[in-house]
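Structural overview for review
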Amino acid sequence: MQTPKSLKQTDPSQPHVALESTIFSHLGLPSPSNTEALQRCFAAVNNGGAVPALTAVLNGEAHVGVAVDEDHELAAQICGPARKVAARDLGVAIGQGWDYGATTVSASLTLAANAGLRVFATGGIGGVHRGWPDTGDISADLDAIAAHQMITVSAGAKVFLDLAATLERLETLSVPVLGWQTDDFPAFHAQSSGLPVPHRVDSAEEVARIANAHWELGGGGILVAAPVPAADALDFDELSMAVDTALQEAETQGVSGPAVTPVILGALAEATDGNSVPTNLALAENNAAIAAAIAVALAASTTAA
Ligand code: PSU
Ligand code: MN
């Protein structure tokens, strides 16, 4: 695949972990927690022996590998006024020269795959929204995960979604869903949704073997679902009540389209008295660390082959 000129070059033979930027923007987390999340995810990837590759659209150029540690101003901008960029918006953001575009999971996977990367970490992926038969609201994240030969590490899908329908959809799209040291599909802020994962994995090497076999057969993306660490998890019942409150709030505001997820995330933070925010940070950091281990194992398996 040809790398678009506007992509900042990375060396794909090195273990890299691509990161999205929406979660680090005002659309994903309140300030200053978003900056803290960015720093903790970068540190987790570095400590795991991999290179963080933050994706974003800056001054009309798509980037894979924004060096935020060298450019605090840039970090502040990404965490500040950025506009949401999903996969379908990439051409628009580049063509219209948007100053700061925060990439979602779908946009990040598109850019990272074009740069030759294989591993990506996020907080929780988008998925099938509750009430989807009426609204048709199914995140473009799912199709993007299926389309690109990348491993996505997430704490399951966001808890306010229809998680059973999200798993069904991933099955239809032929996306292997691997529970990271768990038999249960995680529920983002809570360790378990009560739904089983189709397969459990226990090590990064195991994920690398599965990915190599899957890709040799022409398969697309793989989802690794890692539960939030126990110490940082929220109680599922308490969380469910907060989700109901947040969904009602979003309905009252009458939002639709790309605005839905940021509004619900904000309402959820309020409904949990802010408790969802440190949990969100902890799970994003945990996912980044696991993704680094997988990137290192994948690079080793490619060298050995
Ligand atoms: N998970 C988080 N915070 C976020 C998101 C996910 O913890 O901000 C973002 C991701 O960028 C994801 C997007 O790709 O929400 C999904 O948006 P939508 O539901 O509109 O597809
Ligand atoms: Mn949507």
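Everything numeric in this text was worked out from a predicted model, so none of it was measured. (Residues numbered from 1 in each chain as written. Chains lettered and ligands numbered in written order. Predicted model: local features only at pLDDT ≥ 70, side-chain atom pairs only at ≥ 80, totals over all residues. Heavy atoms only, no water.)

What follows covers a negative patch on the surface. On the surface, a cluster of negative charge is made up of D235, D237, E238 and D273. Looking at the element boundaries, D235 is found in the loop between β10 (222–225) and α9 (236–253). (Patch = residues over 30% accessible without salt bridge, like charges linked within 9 Å, V, L, I, M, F, W, Y side chains within 5 Å. Areas by Shrake-Rupley, 256 points an atom, 1.4 Å probe, with all protein chains shown as cover. Salt bridge = Lys/Arg side-chain N within 4 Å of Asp/Glu carboxyl O. Lys, Arg positive; Asp, Glu negative; His and termini not counted. Charge placed at Lys NZ, Arg CZ, Asp CG, Glu CD. Helix = DSSP H or I, 4+ residues; strand = E, 2+ residues; numbered from the N terminus.)

For the rest of this paragraph, the subject is the side chain of T272. Summarising the element assignment, T272 is placed in the loop between α10 (260–271) and α11 (276–304). Under the relative-accessibility criterion, T272 is labelled buried at 10%. There is a polar contact of 3.0 Å between the side chain of T272 and the backbone nitrogen of S276. Apart from the residues lying within four places of it in its own chain, the contact partners of T272 are L234 and A242. (Buried < 20%, exposed > 50% of the residue type's maximum accessible area, 1.4 Å probe, protein only. Polar contact = N/O pair within 3.5 Å; in protein donor to acceptor, adjacent residues only side chain to side chain. Contact = heavy atoms within 4.5 Å.)

This part is about the pairing of strand β7 (residues 151–154). Residues I151 and V153 line one face of β7 and the alternating positions T152 and S154 line the opposite face, and both faces are buried. Bridge analysis of strand β6 (residues 119–121) against β7 gives 3 bridges, and the strand direction is parallel. Each residue of the ladder has a partner; that of F120, found in β7, is T152. With 4 bridges joining them, β7 and β10 adopt parallel strand pairing. Bridge assignment links V153 to a residue of β10, and that residue is V224. (Pairing = 2+ DSSP bridges.)

With that settled, consider the site of ligand 1. Near ligand 1 lie 16 residues; those nearest to it are E20, V105, S139, D141 and T261. E20 has a polar side-chain atom sitting 2.5 Å from an oxygen atom of ligand 1. Interatomic distance of 2.8 Å between a side-chain N/O atom of D141 and an oxygen atom of ligand 1. Protein contact buries 94% of the 480 Å² of open area that ligand 1 shows by itself. More than half of the atoms of ligand 1 fall within 2 Å of the grid points belonging to the largest pocket. Residue composition of the shell around ligand 1, grouped by class: 4 nonpolar, 8 polar and 4 charged. (Near = heavy atom within 4 Å. 1 Å grid on protein atoms, 1.4 Å probe; cavity = no way out; pocket = protein on both sides within 12 Å on 5 of 7 lines; lining within 4 Å. Sits in = over half its atoms within 2 Å of the grid points. Nonpolar A, V, L, I, M, F, W, Y, C, P; charged D, E, K, R; others polar.)

Per the stated rule, a full pass over the model turns up 1 cavity of 30 Å³ or more. For the largest cavity, the calculated volume is near 50 Å³. Together, L19, E20, I23, F24, C41, A121, T122, G123, A284, N287 and A288 line the largest cavity. If you tally residues by element for the lining of the largest cavity, the top one is α11, at 3 residues. Grouping the constituent residues of the lining of the largest cavity by class yields 7 nonpolar, 3 polar and 1 charged. (Points joined across faces, edges and corners; volume = space filled by probe spheres on them.)

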